[in-house]
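The primary structure of each chain is shown beneath.
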Amino acid sequence: MKSLLNQKFTGSIQVPGDKSITHRALMMASLAEGTSVIHSPLESEDTFRTSEIMGQLGVEIEREEGRITVTSPGSSNFTAPEEVLYTGNSGTTTRLLMGLIAGIGMDATIEGDSSIAKRPMDRVRTPLGEMGADISLVDGKYPPILMKQSTLKAIEYDMPVASAQVKSAILFAALYAAGETIVHEKIKSRNHTEIMLEQFGVDVEVDGLSIKLKGGQPLKPRDVQVPGDISSAAFLMVLAAITKGSDITIENVSLNETRAGIIDVFKQMNADIEIEETSSEGEAIGNIRIRHSKDLTSFDLSGEIIPRLIDEIPVLAVLGAFGSEPSVIRDALELRYKETDRLRAVIDELKKFGIEFEEFEDGFKVYPLKEVKMTSDSFKGYHDHRIIMMLLVMAVASDTEINIDDTSAINISYPGFIEDLEKLKQAR
Ligand SMILES: O=C(O)C1=C[C@@H](OP(=O)(O)O)[C@@H](O)[C@H](O)C1
Ligand SMILES: C=C(OP(=O)(O)O)C(=O)O
């Protein structure tokens, strides 16, 4: 970390593959009888959990540099798992798997780490239960998740929370349910499942905030190209915007509208950002160039943009501290139910640099940082990848050496984060 202080960050880089898309590609390729190839997948702890579980169900997974080959016997030939399906730290694996297992109709136990044990799963059990799934949770809410074989029927469901994980679990189950399932969202969440199901040959009708899917449609094997993850790029984007002399281009990154809210934030803040879209078929992809700006203003975020940047909020708190006016985030209560309570973690840890916050139940106001005033050099990472990388960005941008209790969780979504910073650094 010391070697990253007093540096500017310049050059072109590709960030690792998109985590959400990689999970979905592994699951859909596993449902499609035959061989599918996933190009440039994210190889991280979370996506490893998904591929391990697909292996337990009888799918052959072959990893090589830059690609994963998935050969499936078809979901009707899956083997019922004897061991627990262990999802580690991955909420996406846990929730999407609930829909997939309910759909296939097999007995299974799903369990994750101590963070997953505290994340609410009733939001998935409720719609799946309406479809006929038999799911038991601890205290009606938490893993371990006991699933019993059952037969599903289609439902029409109004989503109470904006969650792509819940929506995707319902759509996976709907593939195997009798009749047409309809999901209504109040606010649009990331739509990778809808896009990829179409690519795997499933007819999905999207009409504004409603999604319709008829049960009984088989998936056909496909090759999937995974773009870079904009949620990982976000750390480099913020670092470039706030560090003197920096100029970074992130290539082949996802520009999917339902994920790209952070681009709107940079624009709101008067940042120096250029977007070049190179493909808009299916998943939009392109290049993002971002340079240091000394004239960053502020942002005020609430409502529909929140799900479009939900995982970027920790590092946006750092960006806000480098603006000229206070910045505000509201409607982000969901952050309290992630790997840790991210609103608490962001405020408690960034305060140690002297950043001032006003905390709301569903967000915060962050004040411009006039001068770094350290109250401690011992930081907690909460085993949360996004909190740890947020802290590293803040430390590097403010030329401050800090100690974080444990940084291993970076491997959950962005193995190679530190190496990428090393590649981009140049003495100021
Ligand atoms: O579907 C997905 O891949 C994800 C959806 C989001 O969670 P919610 O669906 O709980 O909002 C996001 O925070 C998570 O990192 C990945
Ligand atoms: C919340 C996240 O992931 P998950 O829900 O899959 O654990 C994340 O990556 O920030």
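Residues numbered from 1 in each chain as written. Chains lettered and ligands numbered in written order. Predicted model: local features only at pLDDT ≥ 70, side-chain atom pairs only at ≥ 80, totals over all residues. Heavy atoms only, no water.

Colleague: It is not clear to me how the layout of surface pockets should be interpreted in this structure. Could you clarify?
Modeller: In this approach, a probe sized like a water molecule rolls over the atoms, and the result shows the empty space that is left. Of the voids in this model, the largest pocket is the one considered here, and its volume is about 620 Å³. Considering the residues around the largest pocket, the lining is formed by 39 residues, among which Ala162, Ser163, Ile310, Glu334 and Lys338 are closest to the centre. Elements with a minimum of two residues in the lining of the largest pocket: α1 (19-31), α3 (91-104), α5 (164-174) and α11 (385-397). Of the residues that constitute the lining of the largest pocket, the class distribution is eleven nonpolar, ten polar and 18 charged. Each of domain 1 (2-16 + 227-427) and domain 2 (19-225) contributes no fewer than three residues to the lining of the largest pocket. Empty space within the second largest pocket amounts to approximately 300 Å³. What lines the second largest pocket is a set of 20 residues, among which Ile242, Lys244, His292, Phe322 and Ala397 lie closest to the centre. Classifying every residue of the lining of the second largest pocket gives seven nonpolar, six polar and seven charged. (1 Å grid on protein atoms, 1.4 Å probe; cavity = no way out; pocket = protein on both sides within 12 Å on 5 of 7 lines; lining within 4 Å. Points joined across faces, edges and corners; volume = space filled by probe spheres on them. Helix = DSSP H or I, 4+ residues; strand = E, 2+ residues; numbered from the N terminus. Nonpolar A, V, L, I, M, F, W, Y, C, P; charged D, E, K, R; others polar. Domains from an automatic or database assignment.)

Colleague: I keep staring at unusual backbone geometry and nothing clicks. Help me out?
Modeller: For residues besides glycine, phi is generally negative; the peptide bonds are generally trans as well. Here the residue pair Pro143 and Pro144 is connected by a cis peptide bond, since its omega of 0° sits within 30 degrees of zero. Its location among the elements puts Pro144 in strand β8 (residues 142-148). Here the phi dihedral of Asp139 falls at roughly 55°; this positive angle occurs in a residue that is not glycine. Along the chain, Asp139 falls in the loop between β7 (134-138) and β8. Despite not being glycine, Tyr382 has its phi angle at roughly 55°, a positive value. Looking at the element boundaries, Tyr382 is found in the loop between β21 (378-379) and α11.

Colleague: Just to check I follow, could you spell out the pairing of strand β19 (residues 357-360) for this structure?
Modeller: Walk down a regular strand and you will see the side chains alternate between the two sheet faces. Sheet topology note: the β19/strand β20 (residues 363-366) ladder contains four bridges and is antiparallel. Pairing of Phe360 across the sheet is with Gly363, part of β20. (Pairing = 2+ DSSP bridges.)

Colleague: Teacher, can you tell me more about the environment of Ala409 here?
Modeller: Positionally, Ala409 belongs in the loop between β22 (403-404) and α12 (417-424). On the basis of relative accessibility, which here comes to 0%, the residue Ala409 falls in the buried class. Sequence separation of Ala409 and Gly381 is 28 residues, and the distance between their C-alpha atoms is 8.3 Å. Those residues in contact with Ala409 that lie beyond four places of it in its chain are His383, Asp384, His385 and Ile388. (Buried < 20%, exposed > 50% of the residue type's maximum accessible area, 1.4 Å probe, protein only. Contact = heavy atoms within 4.5 Å.)

Colleague: I tried to follow the packing of helix α7 (residues 230-242) against helix α9 (residues 313-321) on my own but got confused; where do I start?
Modeller: Each pair of packed helices gets described by two things: the angle between the helix axes and the distance between those axes. Contact pair α7 / α9: the axes reach a minimum separation of 10 Å and the direction vectors enclose 5°. The angle between α7 and α9 places the two elements in the roughly parallel class. Between α7 and α9, the residues in contact are Ala234, Phe235, Val238, Ala241 and Ile242 and Val315, Val318 and Leu319, respectively. Within the contact of α7 with α9, the residues separate by chemical class into eight nonpolar, no polar and no charged. (Axes fitted to C-alpha atoms, helices over the stretch in contact; angles between N-to-C directions. Parallel < 35°, antiparallel > 145°, perpendicular 65-115°, else oblique.)

Colleague: I keep staring at the site of ligand 1 and nothing clicks. Help me out?
Modeller: Close contacts around ligand 1 come from 13 residues, with Ser20, Arg24, Ser163, Asp311 and Lys338 the closest. In this structure, an oxygen atom belonging to ligand 1 sits 2.7 Å away from a side-chain N or O atom of Ser163. Here an oxygen atom of ligand 1 sits 2.7 Å away from a polar atom, N or O, in the side chain of Lys338. Bound to the protein, ligand 1 loses 94% of the 380 Å² it would expose on its own. Of all the cavities here, the one that holds ligand 1 is the largest pocket. Looking at the shell around ligand 1, the elements with two or more residues in it are α1, α3 and α5. Counted by class, the shell around ligand 1 contains three nonpolar, four polar and six charged residues. Each of two domains, domain 1 (2-16 + 227-427) and domain 2 (19-225), supplies a minimum of three residues to the shell around ligand 1. (Near = heavy atom within 4 Å. Polar contact = N/O pair within 3.5 Å; in protein donor to acceptor, adjacent residues only side chain to side chain. Areas by Shrake-Rupley, 256 points an atom, 1.4 Å probe, with all protein chains shown as cover. Sits in = over half its atoms within 2 Å of the grid points.)

Colleague: What's the story with the sheet that holds strand β6 (residues 108-111) in this structure? I'm lost.
Modeller: Pairing is mixed in the open sheet, where four strands are placed in the order β5-β6-β8-β7. On the outer flanks of this sheet lie β5 (85-86) and β7, each paired with one strand and no other. As paired elements, β5 and β6 share two bridges and run parallel to each other. From the neighbouring strand, Tyr86 faces β6, where its bridge partner is Glu111. α3 rests against β5, β6, β7 and β8 of the sheet, and its axis sits at about 10° to β8.

Colleague: How do you make sense of the UniProt feature "domain: Enolpyruvate transferase" (unreviewed entry) in the chain when you look at a structure like this?
Modeller: In the numbering adopted here, UniProt assigns the feature "domain: Enolpyruvate transferase" (unreviewed entry) to residues 7-421. Between the C-alpha atoms that bound residues 7-421 there is a distance of 10 Å. The span itself is 30% helix and 25% strand. (UniProt positions renumbered as here; feature names shortened; annotations may be inferred.)

Colleague: Help me understand α12 in this model?
Modeller: An α-helical turn contains 3.6 residues, so a residue and the one three or four places further along point in the same direction. Along α12, the residues that are buried comprise Phe417, Asp420, Leu421 and Leu424. Taken down its axis, α12 places every buried residue within 100° of arc, on the same side. Each element contacted by the buried residues of α12 is listed here: β1 (7-13), α7, β14 (247-254), α11 and β23 (425-427). (Arc of directions from axis to C-beta.)

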